[in-house]
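Single-letter residue listing:
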Amino acid sequence: MPTDASAGVVEMLRLFTNPGDRVVINPPVYSPFFDWLQEARTELQSVPLGDRQLDLPALDRAFATKPAAYVLCNPHNPVGRVHTYEELAAVVERATRHGVPVISDEIHAPLALPGATYTPFLTVPGAGQIGVSVVSPSKAFNLAASSAPPSSPRRRGCGTWWPSCLVTSAGAAGTSPSSPRSPPTTRATIGWTGCWPPSTTAARC
Ligand SMILES: Cc1ncc(COP(=O)(O)O)c(C=O)c1O
């Protein structure tokens with residue numbers, strides 16, 4: 001349970017990769033993705049979007065080169081693409097076939113517009129065996145500052161800060177051939193509101 005989505009992705013990169021490993025992302029993408037790869041001491045393997053959507057044949061070719069991980073942006077920032085169930089199923093199939101762990105950044109999930117159907121990555125059969133999702137209320141509910149204790153004025157009664165991110169896995173472990181490590185094996189749950197630690201009641205904040 002990291003403090004924010006960025007930390008969640010970086011910690012998952014640290015879990016799945018070793019320094020110098022290649023990680024696939026899909027530019028144009030939220031620019032800190034590039035920084036997160038650097039922070040985890042990994043190398044960029046770029047598979048640009050094609051026509052503002054996932055280029056599945058290119059992803060397949062990239063996965064065949066055995067990158068250590070793939071960071072998916074679902075929905076995709078900045079093009080606003082809400083990946084379809086079929087596209088995500090294709091990602092799961094390819095990632096599973098090549099043994100590439102998927103880290104799905106789903107911070108924009110609550111902001112999918114009417115008419116678009118957001119598919120949580122982990123609802124795709126097999127996704128939990130190959131990946132994790134990083135979810136957070138910080139974007140949709142404007143809580144980004146809640147994870148910045150040194151700069152946030154503490155409210156009376158609040159213990160420390162509010163965690164604003166959750167890394168979740170469907171439960172089963174999968175292992176990348178290029179990585180000695182496996183995805184987390186437990187499903188985590190947390191309420192989003194209130195102070196942290198939870199013994200401090202929301203009413204006091
Ligand atoms: C795709 C994506 N991931 C992560 C973040 C940053 O999230 P956090 O502030 O929780 O680190 C943003 C912020 O705009 C974003 O667009």
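Here the structure is a predicted model, which is why all the values come from computation and not from measurement.

## Structural notes on the site of the ligand
Surveying the vicinity of the ligand reveals 15 residues, the closest of which are Asp4, Ala5, Ser6, Asn77 and Ser138. Looking at the shell around the ligand residue by residue, the classes come out as six nonpolar, six polar and three charged.

## So, the pairing of strand 3 (residues 69-73)
Regular strands place their side chains on alternate faces of the sheet. Most of strand 3 sits inside the fold, with five of its five residues counted as buried. Because side chains alternate across strand 3, one face comprises the buried residues Ala69, Val71 and Cys73, and the other comprises Tyr70 and Leu72, equally buried. Note that strand 3 and strand 4 (residues 102-105) share four bridges and pair parallel. Paired with Leu72 across the two strands is Ser104, which belongs to strand 4. Each parallel crossover has a hand, and for strand 3 linked through helix 4 (residues 85-98) to strand 4 it is right-handed.

## Quick look at the pairing of strand 2 (residues 43-46)
Pairing of strand 1 (residues 22-25) with strand 2, which is carried by four bridges, proceeds in the parallel orientation. Of the residues in strand 2, the one forming a bridge with Val23 is Leu44. Viewed along the sheet, the connection from strand 1 through helix 2 (residues 32-39) into strand 2 turns out right-handed.

## So, the environment of Ala5
For Ala5, the position within the fold is in helix 1 (residues 5-16). A residue is classified by how many C-beta atoms lie within 10 Å of it, and Ala5, with 27 of them, is buried. Considering only alpha carbons, one finds Ala5 and Ser136, 131 residues apart in sequence, at a separation of 6.2 Å. Other than its neighbours up to four places away in sequence, Ala5 contacts Asp105, Ile107, Val134, Ser136, Ser138 and Cys165.

## A short note on the packing of helix 1 against helix 2
Interaxial distance between helix 1 and helix 2 falls to 9 Å at its minimum, and their mutual angle equals 40 degrees. Here helix 2 runs oblique to helix 1, going by the angle between their axes. Crossing geometry of helix 1 relative to helix 2 is assigned as right-handed. Facing helix 1, whose interface residues are Ser6, Val9, Val10 and Leu13, helix 2 presents Pro32, Trp36 and Glu39. Classifying every residue of the contact of helix 1 with helix 2 by side-chain character gives five nonpolar, one polar and one charged.

## Overview of unusual backbone geometry
Following Asn74, the chain continues into Pro75 via a peptide bond in cis, with omega recorded as -5 degrees. By the element assignment, Pro75 lies in the loop between strand 3 and helix 4. In this chain, Asn77 is followed by Pro78 through a cis amide linkage whose omega measures 20 degrees. Examined against the element boundaries, Pro78 turns out to sit in the loop between strand 3 and helix 4.

Calculation rules
Residues numbered from 1 in each chain as written. Predicted model: local features only at pLDDT ≥ 70, side-chain atom pairs only at ≥ 80, totals over all residues. Near = placed C-beta within 6 Å. Nonpolar A, V, L, I, M, F, W, Y, C, P; charged D, E, K, R; others polar. Buried ≥ 20, exposed ≤ 12 C-beta atoms within 10 Å, placed from the backbone. Helix = DSSP H or I, 4+ residues; strand = E, 2+ residues; numbered from the N terminus. Pairing = 2+ DSSP bridges. Right-handed = clockwise from strand over helix to strand, strands pointing away. Contact = placed C-beta atoms within 7 Å. Axes fitted to C-alpha atoms, helices over the stretch in contact; angles between N-to-C directions. Parallel < 35°, antiparallel > 145°, perpendicular 65-115°, else oblique. Left-handed = near helix turned anticlockwise from the far one by under 90°.

Geometry only, nothing functional implied.
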